[in-house]
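Okay, here's what each chain looks like letter by letter:
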Amino acid sequence: MKRKEPTHSEDPIYKASSSSNSPHVDDYEGGIERPKGNDYEVFLSFRGKDTRKGFTDHLYNSLADAGIHVFKDNNELPVGEEIGPELLCGITQSKILIPIISKNYASSKWCLHELAEMLKCKRNKGQIVLPIFYKVEPSQVRHLTGKWRDAIDAHKKNMDEMVVKEWEEALKEISLLKGWQSEKIDNGHEGTLVKIVVRKVLSELKRLFQLSVPKQLVGIDDHVEQITSLINANFNGTRIIGIYGMGGIGKTTLAKVLYNELSSHFDCRRFVANIRETSQRKGIECVQKQLISNTRENFDDVSNVDEGIGKIKSLFTNKNVLILLDDMDDDTHLNALVGDGTWFTAGSAIIITTRNKSILDKVGASFLYELKELPLEQSLILFSRHAFRKDYPPSDYEVISRNITSITGGLPLALEVIGSFLYGKKKGAWEDASKKLRKVPNKKVQDTLKISFDALDLEDQWIFLDIACFFIGSSQQSPTYMWDACDFFPGTGIEVLSLMSLIKINEDGKLMMHDQLRDLGREIVRLENPKEPQERSRLWIYKEALDVLDNNKLQGTRKIEALSLGKCGIGRRYIAEQFQEMTNLRFLLADGANFTGDFQSLLPKLRWLQWAGCPSDFTAANFHPKKLVVLNLFNSAISEDWGGWVPLKAVIAMVQQAMQYVDQTTDLETKIGLIKTLNSVAAGKIYVEIEVDQETCKNKGRTGSYSRSY
């Protein structure tokens, strides 16, 4: 698995400051070669006429091929202008700053502006600066001899004295930093230097490639060691590593730890989560798109499976890649994402997690690893870490703790959920839980987990079911407006669900849920009426929702509280009468749909309307749900004379008023600050979520998301 490393004589990189924890900058267009996505890890500063088409281009492409997001400025600074907010963000938000100091670097005001700003970031924010002295000696830069002195003297004629002095100090400071001298690396062979720089950047950024894993892991190292001992054997082809086992056994966690262990050995890494769920809801093309997104080739769009296969082959055939494909379920996934394994270059590694071992046999997996239940002692440790926040139970709880862990059958998810449920509870609650667990037939996972669900307050159960059906992967903030308006008390509810390990809040503030818990929630809803979907509280399966609407199954639809039309709603037209009986509907996702007819007195309890891509020919009358708190019109090509503004006037009036000042603000940082302020305003005022275009620093007007809290 190990790649050949350069010798120390080839890699004279010196100490650098630790990387900062600054957030990532959004995309900026206009003279910037940028990745798809909104995060930059490396900023390149260079003199265009010296290196743009040669060394810098080679370095940029190699960094991009390694999966690193690079901000490369392609413009020269116009005379008399300063660095704009977009470029400033590119510097301040990048983790690593690489100035490529070449012979004409100091003749560019733009380059010197960038250099001074980069060194400020190093001093004030601890960002890493890795200079490359391209065909120049650091001593020339330090002492400002020859061309360097001429360039500085020329600047003094038309620039402020203090600015030029700052540039002089910056040049001296950069010359003293440890970096690379191009002519001293492999006798000036630039390809070697590029490889060394890429490897150093990957090393510094390694933590950014690490997948998040739980802290309370037990016994995971033994599994990783067993797998790595197998795959480190001499093997020349593509390694396909299959990890299989029952749901909730910890396959994804093990795969993530293995991925983190191997990541530094590969030029390119990809992680695609929840393939089974994503393909069911959005199609396998969406999964293909995730696999190939954020690449220099701009392969983001996939219109059909065959096109996706072609792009995967084209992208990965010549790259040494590490890919983790989580929760693959059937042959469709296999054929669309992996094929027979020949799509990937020799030396690549594909990690697959699945409940279905047969797909690993079909793909001819190089290594198979069955993850089994934890043994009793490890089960007790994991349970205790959640139930007592330490490795072992107190002496007076040891017997009942061992009884409960033996009943759960060594299933990590059940141990975590039950342990979290019992944390802080009195002995009587423990004894009741033990009795209930003993009644679960054959230690069925969902029945075990349902004990925690049954212990929730009613409002917390409603929030749990909403998340399971609609909000996995959504921002934690957005649905709280709806839940708060419905008196579900989301502040305490989300905290309770999190403490009981029924949900997770990831590092991006998104709501996450284990697939076993998700399936539990959806099964609870399905069992409200197994045969008649219109008698259930939530409809998340698009075909069932369409069947209820299109076939006029109106009897009982007042029981429906939340309904998603998903992608099946696009281009369809719905009349007011189809919603006549939905008097309790509070959540409606109708992306791309249109409404006609008179909606007077309809949808009286609607709090959330997601209507992305809403049509411009909106004609419905009296469409103004009075209790709406979240209105999402994202990605809608609507104009000033759009028919929907009039009926929704009461909802958006205060948002438009609040946005007037934001629209007048051209400074990017100020604009972002204002938007964050508006977003944080408490219920009863305005909540705004808009899209910011950093090229023009202008709000895109009504093409975005708006919310209003009453």
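Fair warning: this is a prediction, and the values are worked out from it, not measured in the lab.

Right, let's get into a negative patch on the surface. A surface patch of negative charge is lined by D221, D222, E225 and E261. Per element, the largest residue contribution to the negative patch is 3 residues, and it comes from helix α10 (residues 220-231). By secondary structure assignment, the location of D222 is in helix α10. A relative accessible area of 44% places D222 in the partly exposed class.

To continue, consider a positive patch on the surface. Where like charges cluster on the molecular surface, the positive patch consists of K49, K103, K135 and K147. Inspection of the secondary structure puts K147 in helix α6 (residues 147-158).

Every α-helix winds through 3.6 residues per turn, so residues three or four apart in the chain are directed the same way. Listing the buried residues of helix α24 (residues 490-499) in full gives P490, G493, I494 and L497. What you see down the axis of α24 is that its buried residues fit within an arc of 95 degrees, all on one side. Against α22 (458-471), α23 (477-485) and β13 (504-505) lie the buried residues of α24. Just downstream of α24 lies S501, where phi reads positive at about 60 degrees.

Residues I351, F383, W430, I467, F471, W483 and L517 are the most contacted members of the largest nonpolar core, which totals 80 residues. By residue number, the principal contributor to this core is α22, which donates 8 residues. Every residue in contact with F471, bar those within four places of it in the chain, is listed here: D466, P479, M482, W483, L511, F587 and W608.

Tracing the backbone through its elements, the reader meets S452 in helix α21 (residues 445-454). For S452, a relative accessible area of 0% translates into the label buried. Aside from chain neighbours lying at most four places away, what touches S452 is V417, I418, F421, M500 and L502.

On to the pattern of salt bridges. A complete count under the given rule lists 27 salt bridges for this structure. Put simply, R149 and D153 hold a salt bridge, and the shortest N to O gap is 3.6 Å. With R149 and D153 both in helix α6 and 4 residues apart, this pair spans about one turn of that helix. R149 gets classed as partly exposed once you look at its relative accessible area, which sits at 27%.

The element strand β4 (residues 96-101) is extensively covered by neighbouring structure, given that 6 of its 6 residues are classed as buried. Neither face of β4 is exposed, since I96, I98 and I100 on one face and L97, P99 and I101 on the opposite face are all buried. In terms of strand pairing, strand β2 (residues 42-46) meets β4 through 5 bridges, oriented parallel. Bridged to V42 within β4 is I96. Where β4 and strand β5 (residues 128-129) come together, 2 bridges link them in parallel fashion. Residue L97 lies in a different strand from β5, and its bridge partner there is V129.

Hydrogen bonds along the backbone pair up the strands of a sheet, which may run parallel or antiparallel. Ordered in space as β9-β10-β11-β8-β12, the 5 strands form an open sheet in which the pairing is parallel. Among the strands making up the open sheet, the edge pair consists of β9 (268-272) and β12 (367-370). Strand-to-strand twist of the sheet, defined as the mean angle between neighbouring strand axes without regard to direction, takes the value 15 degrees. Summarising the sheet, β9 and strand β10 (residues 321-328) pair through 5 bridges and their orientation is parallel. Residue V272 lies in a different strand from β10, and its bridge partner there is L325. Sitting on the sheet, helix α11 (residues 251-262) touches β8 (239-244), β9, β10, β11 (349-354) and β12, and the angle it makes with β11 is about 170 degrees.

In this structure, L211 sits in the loop between α9 (206-209) and α10. L211 sits in the buried class, given a relative accessible area of 17%. Put simply, L211 and A255 are 44 residues apart on the chain and 9.8 Å apart in space, counted from C-alpha to C-alpha. Beyond its immediate stretch of four places on either side in the chain, L211 contacts K256, Y259, N260, F271 and L324.

Note on backbone geometry: most residues besides glycine have negative phi, and most peptide bonds are trans. The backbone of D186 sits at a positive phi, close to 50 degrees, despite the residue not being glycine. Summarising the element assignment, D186 is placed in the loop between β7 (180-181) and α8 (190-204). For D186, a relative accessible area of 31% puts it in the partly exposed group.

The geometry of α22 relative to helix α25 (residues 515-526) is characterised by a closest axis approach of 8 Å and an angle of 105 degrees between their N-to-C directions. Classified by the angle their axes make, α22 and α25 are roughly perpendicular. Contacts from F464, L465, A468 and C469 of α22 reach α25 at L517, R518, G521, R522, I524 and V525. For the contact of α22 with α25, the per-class residue count stands at 7 nonpolar, 1 polar and 2 charged.

By the secondary structure assignment, D327 is in strand β10. For D327, a relative accessible area of 7% corresponds to the buried category. In this view, D327 contacts I275, R276, T353 and D515; residues no more than four positions away in its chain are not counted.

Before going further, it helps to spend a moment on the packing of aromatic side chains. This model, assessed by the stated rule, comprises 24 aromatic pairs. Between F470 and F587, the ring centres sit 4.8 Å apart and the planes meet at 40 degrees, which makes this aromatic pair tilted. Of this pair, F470 sits in helix α22 while F587 is found in strand β18 (residues 587-589), placing the two residues 117 residues apart along the sequence. Here the aromatic residues Y574, F579, F595, F599, W611 and F623 are joined through ring pairs into a cluster of three or more. It is R389 that lies over the ring of Y423; its NZ or CZ is 3.7 Å from the centre.

Definitions and limits used
Residues numbered from 1 in each chain as written. Predicted model: local features only at pLDDT ≥ 70, side-chain atom pairs only at ≥ 80, totals over all residues. Heavy atoms only, no water. Patch = residues over 30% accessible without salt bridge, like charges linked within 9 Å, V, L, I, M, F, W, Y side chains within 5 Å. Areas by Shrake-Rupley, 256 points an atom, 1.4 Å probe, with all protein chains shown as cover. Salt bridge = Lys/Arg side-chain N within 4 Å of Asp/Glu carboxyl O. Lys, Arg positive; Asp, Glu negative; His and termini not counted. Charge placed at Lys NZ, Arg CZ, Asp CG, Glu CD. Helix = DSSP H or I, 4+ residues; strand = E, 2+ residues; numbered from the N terminus. Buried < 20%, exposed > 50% of the residue type's maximum accessible area, 1.4 Å probe, protein only. Arc of directions from axis to C-beta. Contact = heavy atoms within 4.5 Å. Core = buried A, V, L, I, M, F, W, Y, C linked by side-chain atoms within 4.5 Å. Pairing = 2+ DSSP bridges. Axes fitted to C-alpha atoms, helices over the stretch in contact; angles between N-to-C directions. Parallel < 35°, antiparallel > 145°, perpendicular 65-115°, else oblique. Nonpolar A, V, L, I, M, F, W, Y, C, P; charged D, E, K, R; others polar. Phe/Tyr/Trp six-rings, centres within 6.5 Å; stacked < 30°, edge-to-face > 60°. Lys NZ or Arg CZ within 6 Å of the ring centre and 35° of its normal.

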